[in-house]
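# Report on the structure
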Amino acid sequence: MAKKTTHSIAERDARTQHKIVELAKDISKMTLSGREPQLSIPTRTKSNTLWNRKKGILEMGDGTADRPLFDLKTAKQFMQTMLHASTIKDLIEARKTSSLRGVFYKAKHTVAGTKENTFDTQDESDPILEDLEVALGALREELHVFAENRGSMVGNITIVDKGDEIDCRRMGSGGYALPSIVEPDVIQFKKCEAKFILHVEKGTVWNRFNEDRFWEKHNCILTHGAGQPPRGCRRLLQRLNQELGLPIICVLDSDPWGHYIYSVIKQGSISLAFESTRLAIPEAKFLGIRAKDFRQCGLDDAVKIDLTENDIKRAREIAAYPWFEGHKGWQKEIQAMLTNGFKMEVESLITKDISYVTEVYVPERLKAKDWLD
Amino acid sequence: MDAVSETTAKRRKGATAEELATRQRDISVSEFFAKNRHLLGFDNPRKALLTAVKEAVDNSLDACEEASIVPEIAVIIEDLQPERPASAKSSRYRLTVIDNGPGIVRKQVENIFGRLLYGSKFHRLKMSRGQQGIGISAAGMYGLITTGRPMVIHTKPKAGGPAHHIELAMNTKTNRAEVTTDDEVKDFPPARLAGLSSGTKALSAEGGFLSTEAFRTGTSVSIELEGRYQRGRGSVDEFLELTAIANPHARITFVPPSRESSEDDEGSILAGAEASAATRATATTETGGVVIYPRGVHELPPETREIQPHPKGIELGILLQMLKDYEATEKGSLFKFLQERFCRVSSATAAQMCKAAGATSRTRAGDIEAPQAEKLFQFFQEVRLPPPPTDCLAPIGVRQLLAGLLKGVRAEFYAASSRSAEVYRGRPFQIEAAIAFGGDLPADDPARVIRFANRVPLLFQQSACSSFKAVLETGWKNYNLQQPRGSLPAGPIVIMLHMASVWVPFTSESKEAIADYDEIRKEMKLALMECGRKLGTYLNKRAKMRREGERRDVFERYIGEIAKAVSAITGEDAKRLYDALHAQAKRKTAVADQQLDEDGRVVRGQEDPDDDGVIIVPEAMTGGPVDEAMSGPQSEAPGRRPATRAPGERPARAKPAASSPPAKALPRAKHASPKAASPKRASKPASKPSGKPAPAAPPKVPPPRPAPRRTFPDGPTLF
Ligand SMILES: Nc1ncnc2c1ncn2[C@@H]1O[C@H](COP(=O)(O)OP(=O)(O)OP(=O)(O)O)[C@@H](O)[C@H]1O
Ligand SMILES: [Mg+2]
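Residues numbered from 1 in each chain as written. Chains lettered and ligands numbered in written order. Predicted model: local features only at pLDDT ≥ 70, side-chain atom pairs only at ≥ 80, totals over all residues. Heavy atoms only, no water.

### Here we look at the overall build of chain B
Here is the rule we go by: Each helix is a run of H or I in the DSSP string that is no shorter than four residues. Each strand is a run of E no shorter than two, and both are numbered from the N terminus. The buried label goes to any residue with under 20% of its type's maximum accessible area, the exposed label to any with over 50%, and the partly exposed label to all in between, with areas taken from a 1.4 Å probe on protein chains only. Contacts are residue-level and defined by heavy atoms, with any inter-residue pair within 4.5 Å sufficient. In these tables, accessible area is a Shrake-Rupley quantity obtained with a 1.4 Å probe, and a residue counts as shielded only by the protein chains included in the view.
Along its length, chain B carries 20 helices and 16 strands. Here chain B holds 719 residues, and the buried ones make up 53% of them. In chain B, the share of contacts with a sequence separation of at least 24, taken over all contacts with a separation of at least 6, comes to 77%. Element-wise, carbon and sulfur atoms account for 52% of the exposed surface of chain B, whose accessible area totals about 31,600 Å².

See below:
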């Protein structure tokens, strides 16, 4: 089994390697034949994102954008793309993997004869890598690049991570840190008793649930994604959902940002639409916080946070997403928030009682199946 | 009522008509102008000195041109009170102006120099500098009033003959000359002048000063006067510099006084005096303090012809007077009168005119009654006539305008345009304009306007002048210059306007400003717009060149990295990839190359500057506010602009030769010879003479001439 994996990895690497060489050869052909070199990169924009109603996920269209070298707007990105391509080829050749940050540092230097950096920040570097993924049709792990661990998991499940068995009931206060690459060749599910997954937005809320041993009482898995969940977290949730049939219940803030996170978990995001089939969980549910909770839970005025103009704008945009547009529940939810004129964080429930959220709020809602989906 | 007025009359003890009559008498023009000398430009000592120089130099140039002699003129100012205290506001000077003109016959000398309103130019319609018959006698009168000294005239009308030496003073009561000395001498030009200073001695030893060969005939006028010599705006120096610009066919030698008045309160009204430094004529030589404005071209301006008045240009009263005059001298027919005394009246037109006046072709001019004359006058207004002939005008011409500006102003761009002749009040005139832009000109000051009328610089009353108004009314913003509302455009620009006419309508006798006729102002604006458009085109092009240069910079920065990366992946030769990419980058930004060829010059298109009226001196290019304004936010910029280059700095060039020093540091040929204007491409000078004259240690012999770096018309680039 292990041998076969190594073999397939070598094959996979050879494939990726080949794609990179082809890309570079195209450029050199154009250059030497006197044509202006340009890259063609599938566009990761809203206009090139399609809503697959049937599958309930976002998909990338087949629109591409030219990235010519001899254009001031794209010259630098052209160079950056080629630098990263070369870095990745080296990584694969050396059979090493690197973090996003590592790739950034590897390619960052001053352009010969100037004081200009090839890359100034990692924020400039990461999207170029994503461009390469789509241009080459190779996933991040195939490029030997990984992101930092982000998000945690505890609960009634035992997994194997690179051969190490991990019992997620025995993870102390920190939980199992979610790696960025969670594909079956890295992580396998060994034994699972949990009946569902409770996904919360932030580490602080997750800590509350973990401290109250919510997962034990309710036989579930407890995860968070440190805000907008990264690819590793989303992929793991999807695998748990698809392979083990566990429902995903989200507890997020009652604000446009929370709604957006839910939307990303459920149907995928625009910039990673090409990965939706691996990431989106169409049947994820939104349990709270709901706009009605201020009244229903009898919360204090102090928990209100005024909606900013930007919030209102974002809320309207989200309401117009095709997957929310025809959804009565969501239209009502967003409208209720706008009518309230304020947002609320999950932590606002603490004003009732420190463990109100874990002992009353979530159990009651679960029991009543009071959620949006 | 009566009682009241009677008592008033008694109390006031008024003069009777008879009493008044005893006091009523002729006022001589001389008396009038002696009292009102400011009307003639003698308002203060500094301006008086300038005006005297101007009147004499104008006359000399006029006389030479009329006699078809290439002018050679010397202006000498001797300080007669060199020991005066530093606080003295003025001093006594002896001004001498000598020309190689035709001279003056003996019997005219008293009339010319001793009478106001006596001259040869007033009654005719022909372009000349003088027109009133006041100029030189007024200067003499001013000298007489302020110093009591007579004018000294040496004039030699015959090449082989003697010179007349005459000293005369004007009697202002009678407006007639009183001659005190009158003899014949051989001494012309007066030998005394050659020995004035070490400089004049050295120059005349080489034959460059008042040589008898150059002055075979001519006139020398000396006036002693109270004046003040100080350089700067509105100075004798500026006048001569500008005269040289507008008269490149003249050679002018200037011996300034030994001492310059220090600046004081009086000087402050001439604020900005030193600002003219930027436009100092640089094509001059100096020997021991003697300044020479060399001849730029050897041909005289085209000869002008006197014309008859145009029917549309006269007034009814003038017509009546002309009819009377004709009867008195010719006793001819109206038909002949019309053809002889007017221009553009053919026999057919004359017949039509006779008919309109209710006369036949045989009717005598003297028999035309006032009502008939009025009908005739009316018909003049209605009839279609060709405009007056224009061979009475001698415009400077585009080529010479450019030559003049090029040697006078250190700029990067020059444009000139010469309009075709037009008519105001039946008088032909022609407007020419030129501009110099960029280079060493001050970038933030308002534009400098230099005005000329019949090749004479106008130094005062700028805001009253039609040319100034035309500059204000021109929309310079259209040509990418800044222009605050109702003001001069701001920026490194000199604007030159010239009006050539048989009669320049001055606002006053001192001939300082051109009267504001709509026809004239319109032509001026059109000429300025032509120049402006050329400038606008150039500025756009220059901005584009810079942008393209920047683009190439961006591309060149990145292609090295790209070549390396591709080569690392494919294993191909990085150098080969780089070269191919580099070739593409060059092709993509070809516009930036337009200034990068052999000598860093753009030479293409027309060879003849007259066609295009534009000269570009790429070495003088500097970044200006205009560029910044133009390559502002709307211009394409790379995502992250490197801090390696200051804005406005020149784009890096492909060739090492391009790293020449910035334009400001470039010297200009100080000693460009007249031949500098010859069509020969100049090589770059090996030595770099300082741009400023060094009068402190005057060399005896002119320093060796560096090869002129700015030549014309081939040297500077045209587009
Ligand atoms: N240097 C000279 N050589 C020959 N003729 C001269 C010279 N200077 C003056 N004249 C004659 O003397 C006349 C009178 O000169 P003056 O300067 O007084 O008047 P003007 O030049 O006719 O008019 P304006 O008052 O406009 O200068 C001139 O018209 C010209 O004929
Ligand atoms: Mg005169």
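Right, picking up where we left off after that structure.
### Thoughts on the environment of Thr110 of chain A
Mapping Thr110 of chain A onto the fold places it in the loop between helix H3 (100–107) and helix H4 (122–136). Overall, Thr110 of chain A belongs to the partly exposed group, its relative accessible area being 44%. Taking the C-alpha atoms as reference, Thr110 of chain A lies 9.5 Å from Asp120 of chain A; in sequence the two are 10 residues apart. Non-local contacts of Thr110 of chain A, meaning those with residues more than four positions away in its chain, are made with Lys115, Glu116 and Asn117 of chain A together with Glu561 of chain B.

### Some points on the interface of chain B and chain A
Where we set the bar: Computed with a 1.4 Å rolling probe, the buried area is the accessible surface lost when two parts are put together, summed over both parts. Counted as salt bridges are all cases of a side-chain nitrogen of Lys or Arg within 4 Å of a carboxyl oxygen of Asp or Glu. Polar contacts, as used here, are pairs of N or O atoms within 3.5 Å; protein pairs need one atom able to donate a hydrogen and one able to accept it. Residues neighboring in sequence count only if both atoms are side-chain atoms.
In this assembly, 29 residues from chain B lie in contact with 37 residues from chain A. With both chains or domains summed, chain B and chain A bury close to 2,800 Å², and 70% of this area falls on carbon and sulfur atoms. Counting the surface chain B buries against chain A, the share from its top three residues, Tyr558, Glu561 and Ile569 of chain B, is 24%. Counting the contacts that link chain B with chain A gives one salt bridge. The partner of Glu116 of chain A in a salt bridge is Arg557 of chain B, with the nearest N and O atoms 2.6 Å apart. Summed over the shared surface of chain B and chain A, the result is eight residue pairs in polar contact (both at pLDDT 80 or more). Broken down by secondary-structure element, the contributors of at least two residues to the side of chain B that touches chain A are helix H17 (518–570) and helix H18 (574–588) of chain B. Among the elements that line the side of chain B that touches chain A, the one with the most residues is H17 of chain B, at 13 residues.

### Digging into the site of ligand 1
Residues and elements named next belong to chain B. The test is simple: Throughout, near means a residue has at least one heavy atom within 4 Å of the molecule or strand. Residue type decides the class: Asp, Glu, Lys and Arg count as charged, Ala, Val, Leu, Ile, Met, Phe, Trp, Tyr, Cys and Pro as nonpolar, and the leftover types, Gly among them, as polar.
For ligand 1, the set of nearby residues contains 21 residues, the closest of which are Ser120, Gln131, Ile134, Gly135 and Lys511. Gln132 places a polar main-chain atom, nitrogen or oxygen, 2.8 Å from an oxygen atom of ligand 1. Taking Gly133, its main chain carries an N or O atom lying 2.7 Å from an oxygen atom of ligand 1. Contact with the protein chains covers 93% of the free accessible surface of ligand 1, which is 590 Å². Of all the elements in the fold, those that place two or more residues in the shell around ligand 1 are helix H4 (45–66) and helix H6 (135–147). For the shell around ligand 1, a count of residues per class yields six nonpolar, 11 polar and four charged.

### A look at H4 of chain B
All names here are of chain B. To keep things clear, this is the line we draw: To estimate the expected span of a helix, count its residues, drop one, and scale the result by 1.5 Å.
Here H4 contains 22 residues, and its C-alpha end-to-end distance of 32 Å stays within 8% of the 32 Å for a straight helix at 1.5 Å per residue. In terms of residue burial, H4 counts as a mostly covered element, since 17 of its 22 residues are buried. At the N-terminal end of H4, a side-chain oxygen is found 3.1 Å from the backbone nitrogen of Arg46, two or three residues along, and the residue is Asn44.

### Considering the sheet that holds strand S11 (residues 187–192) of chain A
All names here are of chain A. What counts here: Two strands form a pair only when DSSP identifies at least two bridges running between them. Structural elements are reduced to axes, namely lines fitted to C-alpha atoms, with helices fitted over the stretch in contact, and the angle between N-to-C directions of any two is expressed from 0 to 180 degrees.
What the three strands build is an open sheet, ordered S9-S8-S11; its pairing is antiparallel. The sheet is open, and its two edges are formed by strand S9 (164–167) and S11, each paired on a single side. Strand after strand, the sheet turns through a mean of 25° between neighbouring axes, direction not considered. In the packing of helix H7 (residues 231–244) onto the sheet, the strands contacted are strand S8 (157–161) and S11, and the crossing angle to S11 comes to about 50°.

### With respect to the environment of Ile396 of chain B
Residues and elements named next belong to chain B. Inspection of the secondary structure puts Ile396 in the loop between helix H14 (370–382) and helix H15 (398–408). Residue Ile396 is classed as buried on the basis of its relative accessible area, which comes to 5%. Taking the C-alpha atoms as reference, Ile396 lies 8.4 Å from Ser418; in sequence the two are 22 residues apart. For Ile396, the residues in contact, after removing those within four places along its chain, are Ala246, Leu401, Glu432, Arg455, Met496 and His498.

### Some words on the packing of helix H2 (residues 75–93) of chain A against H3 of chain A
Relative placement of two packed helices is described by the angle separating their axes and the distance separating the axes. Residue and element names in this part refer to chain A. Using the following cut-off: Here is the rule for handedness: rotate from the far helix to the near one, and if that takes an anticlockwise turn smaller than a right angle the crossing is left-handed, while a clockwise turn gives right-handed.
For the pair H2 and H3, the least separation of the axes is 10 Å and the interaxial angle reads 115°. For the element pair H2 and H3, the recorded crossing hand is right-handed. Together, Leu83, His84, Thr87, Asp90 and Leu91 of H2 and Val103, Lys106 and Ala107 of H3 make up the contact between the two elements. Considered class by class, the residues forming the contact of H2 with H3 number four nonpolar, two polar and two charged.

### Brief notes about the packing of helix H11 (residues 309–319) of chain A against helix H13 (residues 328–340) of chain A
Residues and elements named next belong to chain A. Counted only if it meets this: By definition in this entry, angles of less than 35 degrees are roughly parallel, angles greater than 145 are roughly antiparallel, angles of 65 to 115 are roughly perpendicular, and the rest are oblique.
For the pair H11 and H13, interaxial distance at closest approach is 10 Å and the crossing angle is 170°. One way to sum up the angle between H11 and H13 is to call them roughly antiparallel. Handedness of the crossing formed by H11 with H13: left-handed. For the pair H11 and H13, the contacting residues are Ile312, Ala315, Arg316, Ile318 and Ala319 in the first and Gln331, Ile334, Met337 and Leu338 in the second. Considered class by class, the residues forming the contact of H11 with H13 number seven nonpolar, one polar and one charged.

### A short note on the packing of aromatic side chains
Residue and element names in this part refer to chain A. Note the threshold: Between rings of Phe, Tyr and Trp, where Trp is taken as its six-membered ring, a pair exists when centres lie within 6.5 Å; planes separated by under 30 degrees are stacked, by over 60 edge-to-face, and by other angles tilted.
On inspection of all chains with the given rule, the structure shows 23 aromatic pairs over all chains. Ring centres 5.0 Å apart and planes at 85° place the aromatic pair Phe209 and Phe214 in the edge-to-face group. Each member of the pair, Phe209 as well as Phe214, carries the same accessibility label: buried. For the ring pair Tyr262 and Phe286, a centre distance of 5.5 Å and an interplane angle of 65° mean the geometry is edge-to-face.

### Comments concerning unusual backbone geometry
The omega torsion across Gly288 of chain A and Ile289 of chain A is -5°, close enough to zero to call that bond cis. On the secondary structure map, Ile289 of chain A appears in the loop between strand S15 (285–288) and helix H10 (293–296). The linkage connecting Phe188 of chain B with the following residue, Pro189 of chain B, adopts the cis geometry, with an omega of -10°. For Pro189 of chain B, the position within the fold is in the loop between strand S5 (176–185) and helix H7 (191–194). Of note in this structure, Lys511 of chain B is not a glycine but carries a positive phi near 55°. Residue position: Lys511 of chain B is located in the loop between strand S15 (493–501) and H17.

### Comments concerning the side chain of Arg12 of chain A
All names here are of chain A. Cut-off, in case you're wondering: Positive residues here are Lys and Arg, negative ones are Asp and Glu, while His and the chain termini are left out of the count.
In this structure, Arg12 sits in helix H1 (residues 2–32). Despite its burial, Arg12 pairs with no opposite charge, the nearest such side chain being Asp13 at 4.1 Å. Excluding its chain neighbours within four sequence positions, the residues that come into contact with Arg12 are Glu141, Glu142 and Asp185.

### Structural notes on the sheet that holds strand S12 (residues 196–200) of chain A
Residues and elements named next belong to chain A. Pairing is mixed across the open sheet formed by six strands, whose spatial order is S10-S7-S13-S12-S14-S15. Of all the strands in the sheet, just strand S10 (176–177) and S15 have a single pairing partner and so form its edges. Where helix H8 (residues 256–267) meets the sheet, it contacts S12, strand S14 (248–251) and S15, and its direction lies at approximately 155° from that of S15. Strands S12, S14 and S15 of the sheet are contacted by helix H14 (residues 356–368), whose axis makes an angle of about 135° with S15.

### Regarding the confidence of the model for chain B
Residue and element names in this part refer to chain B. We apply this condition: One number per residue, pLDDT, summarises how confident the predictor is, and it ranges from 0 to 100.
The predicted model of chain B has a mean per-residue pLDDT of 79, with 78% of residues at 70 or higher. This model gives residues 264–283 a pLDDT under 50, and the stretch forms 45 contacts once residues within four places in sequence are excluded. In the model, residues 623–719 has pLDDT below 50 throughout and makes 184 contacts with residues more than four positions away in sequence or in other chains. Two numbers describe this predicted complex: its pTM, 0.61, and its ipTM, 0.79.

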